[in-house]
Amino acid sequence: MPKFTLNDKEIEFKPGQTIIEAAKENGVSIPHFCWHPKLSISGNCRVCLVEVEKLPKLAIACSTIVTEGMVVHSESEKTLEARNAVMEFLLINHPLDCPICDEAGECKLQDYAYKHSPGESRYVEEKTHKDKRVPLGPRVMFDGDRCISCSRCIRFCDEIAGKPELTFIKRGNNVTISTFPGKQMENKYSMNTIDICPVGALTSRDFRFQARVWDLSSNPSICMGCSRGCNTDVWVRNNEIKRLTPRFNEEVNSYWMCDDGRLNTFKFVNEDTRVDGPHKRKDGQLVNIGWDEALSNCASELKNISNKQIAFIGSAFASCEDNYLFSKFAKEVIGTKNIDFIRHTDEKFGDDLLRKNDITPNTMGAELVGVTPKQDGMNLSSIIKGIENSKIKALFVMEEDVLNLNPELEKSISNLDLLIVISSNFNKTTQFADFVFPAATFAEKNGTYANFEGRVQRIKPAIETTDLDRALDGMQMSRLDKFGTKFDRWAKGNKRDARASWKIISGLSILFDKKLKFKMAENVFDEISKNIEAFSGLDYDVIGDKGSILKLKEITETV
Ligand code: SF4
Ligand code: SF4
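These figures come from a predicted structure and were not determined experimentally.

Colleague: Kindly report on the site of ligand 1, identifying the contributing residues and their values.
Modeller: Residues in contact with ligand 1 amount to 14 residues; listed here are only the nearest, Cys147, Cys150, Ser151, Cys153 and Cys197. Classifying every residue of the shell around ligand 1 gives 11 nonpolar, two polar and one charged.

See below:
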């Protein structure tokens, strides 16, 4: 490989690489605003100026191609002087309103200003003011004062989203960005411009002023919105999810995610409709009862029904671990072959960038771990028919709202002898249930999901499921008073006595002859990888934060 010298150190580069790329690959970060690895080069911010020996002037590292033997200094006196000057120019008209800016704490301008600016301004004239709080579309707000005209947002719309929706208008100090007359920025990926805007000029209309970023914790996860399984970070404050942002994974979603996934896949976790503990129907009403009572009552009622008259509906929203134990419970503990799950597709959802028509995160996982009928068992449509003609007397539903999808079933489902539902939120189906068990959501458990191409990826808990009584135990009254309404919200956020579905099923199985005892999700996964060829050789460590490809060739043989 050819070599060049960067800051007195000889390093290798790939032919065609720019200085900024070669430096990055070797762990040297050269400051930049307008450059982004996935966008075309604009070269307008000038903060990446570096000294290249034998060149008459400083060169911008984002567009200068490295050549064999080149000698580059990114921290020399001349470079630092130029960088400070660029920062001073960029800050001339900036409002310096970090204390009220959503970007503070994750702002490149703020970070570089601390590192590379003289710390005070020599500019005493009136700053140029631009429009503030301009909605560019339904999801993104623009603050003209903060914009440094880097053009990343314009290039994103043109080059990644494929929808030219933004442009520069005006000139000189007054230059600003705008949508075209009568148009909005409403492409399905518009909120990625917020992530890549290096300052706080673009903010999320959903997240604005919700929290300071340093008050949030973040955990790696994946999006539940479709079978792409975009890698995400789940941002939490006071045990409540505040936002999702994309997490870089070149194999799955690169730096991006769609706006639907970002906005519509987590709010149910925070909602008041969460199932707050196990419930049993008594005198026509669902009442909250303890776990032991709920599980033993449910097991006794299940034992009273012939296994041929029991059916199971699993879920492509649930993890591989949940579906695996659900299937094992149906087939080995209860001894029924009647098991299937619902496929959710939306022909209008998919596109050529990330979105897939399969709007569930784990269709492939549910299939692989066996949530499909055995030989002469009933599939989904026969189960539905069986409920209608009373051949099925008991139905066990996991993480699905069967009635929402099949409202015509309402009459027949109410005639079932037993309806058991595991669900995170109350829904149409739980209205008719005899037992409702509270399911932990994707943000509250460990588990794995297999995306459309057979990449198995992990989720991890980002928020706690805490028993409210236990949480209140150690709390002094004086603290409660101080918290006031904030405490109400905190308590509500913690009132989630939920368990992962696999754990609920494991608990139920203990009351039968064949027991499915597992301590952790990881142990369930280890059994999956031992028993199902497509998962062989995998464990949680191997999967890591980027996922692993399943042995897809074996899939057809195993399923
Ligand atoms: S709004 Fe942000 S991304 Fe767009 S040009 Fe201004 S600073 Fe750059
Ligand atoms: S493309 Fe699919 S997985 Fe990715 S963010 Fe959108 S809905 Fe979520």
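Colleague: Go over the side chain of Asn338, please, and point to the residues and values.
Modeller: Locating Asn338 in the fold gives a position in the loop between α9 (320–334) and β17 (339–341). At 3.2 Å, the side chain of Asn338 forms a polar contact with the backbone oxygen of Ile310. Other than its neighbours up to four places away in sequence, Asn338 contacts Asn307, Lys308, Ile310, Ala311, Phe312, Gly377, Met378, Ile383 and Ile392.

Colleague: Account for the sheet that holds strand β21 (residues 447–450), naming residues and giving values.
Modeller: If you trace the three strands from one edge of the open sheet to the other, you get β21-β22-β23, paired in antiparallel fashion. Unpaired on one side and paired on the other, β21 and β23 (548–549) mark the two borders of the sheet. Examined bridge by bridge, strand β22 (residues 455–459) and β23 share two bridges and lie antiparallel to one another. Of the residues in β23, the one forming a bridge with Arg455 is Ile549.

Colleague: Explain the packing of α9 against helix α18 (residues 521–531) to me, and be specific about the residues and the numbers.
Modeller: When two helices pack together, their arrangement is given by the angle between their axes and by how far apart the axes lie. Contact geometry of α9 with α18 gives a least axis separation of 9 Å together with a crossing angle of 70 degrees. As the angle between them shows, α9 and α18 are arranged roughly perpendicular. α18 is crossed by α9, and the crossing has left-handed handedness. Contacts from Cys320, Glu321, Tyr324, Leu325 and Lys328 in α9 reach Ala521, Val524, Phe525, Glu527, Ile528 and Asn531 in α18. Split by residue class, the contact of α9 with α18 holds seven nonpolar, one polar and three charged.

Colleague: Talk me through the pairing of strand β1 (residues 3–6); I want residue IDs and the actual numbers.
Modeller: For β1 and strand β2 (residues 9–12), the ladder comprises four bridges, and the chain directions are antiparallel. If you follow Phe4 over to β2, its bridge partner there is Ile11. The antiparallel pairing of β1 with β2 creates a hairpin that spans two residues between the two strands, and Asn7 there sits at a positive phi of about 50 degrees. Direction of pairing for β1 relative to strand β5 (residues 71–73): parallel, over a ladder of two bridges.

Colleague: Please provide a residue-by-residue account of the sheet that holds strand β10 (residues 202–204), values included.
Modeller: Within the open sheet, the three strands sit side by side as β6-β7-β10. Their pairing is antiparallel. Every other strand in the sheet has two partners, leaving β6 (134–135) and β10 as the edge strands with one partner each. As paired strands, β6 and strand β7 (residues 140–142) are joined by two bridges and run antiparallel to one another. Across the sheet, Pro135 pairs through a bridge with Met141, a residue of β7.

Colleague: So what's going on with the pattern of salt bridges? Which residues, and what values?
Modeller: Tallying each qualifying case throughout the model produces 25 salt bridges. Residues Asp340 and Arg343 are paired through a salt bridge, measuring 3.0 Å at the closest nitrogen-oxygen approach. Taking relative accessible area as the criterion, Asp340 reaches 7% and is therefore assigned buried. With a closest N to O distance of 3.4 Å, Lys445 and Glu399 form a salt bridge. You can see Lys445 sitting in the loop between β20 (435–438) and β21 and its partner Glu399 sitting in the loop between β18 (394–398) and α12 (402–405), a full 46 residues away along the chain. Pair check on accessibility: Lys445 and Glu399 agree, each one buried.

Colleague: Residue-level account of the side chain of Arg83, with values.
Modeller: When you line up the elements, Arg83 lands in helix α2 (residues 77–92). Since its relative accessible area comes to 1%, Arg83 is described here as buried.

Colleague: Break down the site of ligand 2 for me, citing the residues and quoting the values.
Modeller: Taken together, Cys223, Gly225, Cys226, Arg228, Gly229, Cys230, Met257, Cys258, Gly261, Phe349, Leu354 and Arg355 are the residues near ligand 2. Its residues assigned to classes, the shell around ligand 2 comprises seven nonpolar, three polar and two charged.

Colleague: Break down the nonpolar core for me, with residues and values.
Modeller: In summary, soluble globular proteins display a tendency toward joint burial of nonpolar side chains. In terms of nonpolar packing, the biggest core is built from 57 residues, with Leu302, Phe312, Phe329, Phe437, Leu508, Ile528 and Phe535 touching the most fellow members. Other than its neighbours up to four places away in sequence, Phe535 contacts Cys320, Leu368, Val369, Val456, Phe525, Ile528, Ser529 and Leu550. Grouped together as the second largest cluster of nonpolar side chains are 53 residues, Phe4, Leu6, Ile11 and Ala22 included.

What counts and how
- Residues numbered from 1 in each chain as written.
- Chains lettered and ligands numbered in written order.
- Predicted model: local features only at pLDDT ≥ 70, side-chain atom pairs only at ≥ 80, totals over all residues.
- Heavy atoms only, no water.
- Near = heavy atom within 4 Å.
- Nonpolar A, V, L, I, M, F, W, Y, C, P; charged D, E, K, R; others polar.
- Helix = DSSP H or I, 4+ residues; strand = E, 2+ residues; numbered from the N terminus.
- Polar contact = N/O pair within 3.5 Å; in protein donor to acceptor, adjacent residues only side chain to side chain.
- Contact = heavy atoms within 4.5 Å.
- Pairing = 2+ DSSP bridges.
- Axes fitted to C-alpha atoms, helices over the stretch in contact; angles between N-to-C directions.
- Parallel < 35°, antiparallel > 145°, perpendicular 65-115°, else oblique.
- Left-handed = near helix turned anticlockwise from the far one by under 90°.
- Salt bridge = Lys/Arg side-chain N within 4 Å of Asp/Glu carboxyl O.
- Buried < 20%, exposed > 50% of the residue type's maximum accessible area, 1.4 Å probe, protein only.
- Core = buried A, V, L, I, M, F, W, Y, C linked by side-chain atoms within 4.5 Å.

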